[in-house]
Amino acid sequence: MGYVANDQDAFRAIADPNRRKMLDAMMAGEQTVGQLTALLGVRQPTVSQHLRVLRLAGLVGERREGRNCFYSTNPSELAEVAAWLAKYRAFWNDRLDALAVHLKRKESRGV
């Protein structure tokens, strides 16, 4: 993978809780800056900065309609994050399954 600027990295983009809230809201449907500002309770320039990071990371797209701009998620760009997390999900599922087996064995022995 070539060089990716910090503000273009999906992992860094989703590290911020406000950006995750914005993505969650956009999963329910397109959002305007005004809607996101109300959701987060922050000023419009702050929301615009967050949107810029999300757009540069490819996680959000925009659609203009007259003077309004609507933002929506680009879920395909989250595939890299999902693939990385899948390894850890499998790891923890294996560990928890092993723990369950261990506890059942221990219980059946009356220990």
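Residues numbered from 1 in each chain as written. Predicted model: local features only at pLDDT ≥ 70, side-chain atom pairs only at ≥ 80, totals over all residues. Heavy atoms only, no water.

For the domain arrangement of the protein chain, give the residues involved together with the corresponding values.
Split into domains, the protein chain comes out as domain 1 (10–74) and domain 2 (75–111). When the two sides are added together, the surface that domain 1 and domain 2 hide from each other amounts to roughly 680 Å², 75% of it contributed by carbon and sulfur. Run the count over domain 1 and domain 2 and you get zero salt bridges. Across the contact surface, domain 1 and domain 2 share two residue pairs in polar contact (both at pLDDT 80 or more). Among the elements that take part in the side of domain 1 that touches domain 2, helix α1 (residues 10–14) stands out by supplying three residues, more than any other. Of the residues in the side of domain 1 that touches domain 2, the class split is five nonpolar, three polar and no charged. (Domains from an automatic or database assignment. Buried area = accessible area lost by both parts, 1.4 Å probe. Salt bridge = Lys/Arg side-chain N within 4 Å of Asp/Glu carboxyl O. Polar contact = N/O pair within 3.5 Å; in protein donor to acceptor, adjacent residues only side chain to side chain. Helix = DSSP H or I, 4+ residues; strand = E, 2+ residues; numbered from the N terminus. Nonpolar A, V, L, I, M, F, W, Y, C, P; charged D, E, K, R; others polar.)

Explain the pattern of salt bridges residue by residue, including any values.
Tallied over the full model, the rule gives two salt bridges. Its salt-bridge partner being E30, residue R63 comes within 2.6 Å of it at the nearest N-O pair. Placement of the pair is R63 in strand β1 (residues 60–65) and E30 in the loop between α2 (17–27) and α3 (33–40), with a sequence separation of 33 residues. Residue classification places R63 among the partly exposed positions, given a relative accessible area of 33%. The class of E30 is partly exposed, set by a relative accessible area of 34%. Across the pair E65 and R63 runs a salt bridge whose closest N-O atoms are separated by 2.7 Å. (Buried < 20%, exposed > 50% of the residue type's maximum accessible area, 1.4 Å probe, protein only.)

Break down α2 for me, citing the residues and quoting the values.
Listed in full, the buried residues belonging to α2 are R19, M22, L23, A25 and M26. Buried residues of α2 fall within an arc of 160° about the axis and therefore sit on the same side. Exposed and facing more than 90 degrees away from the buried side of α2 are D24 and M27. Against the buried residues of α2 lie α1, α3, α4 (44–56), β1 and β2 (68–73). (Arc of directions from axis to C-beta. Contact = heavy atoms within 4.5 Å.)

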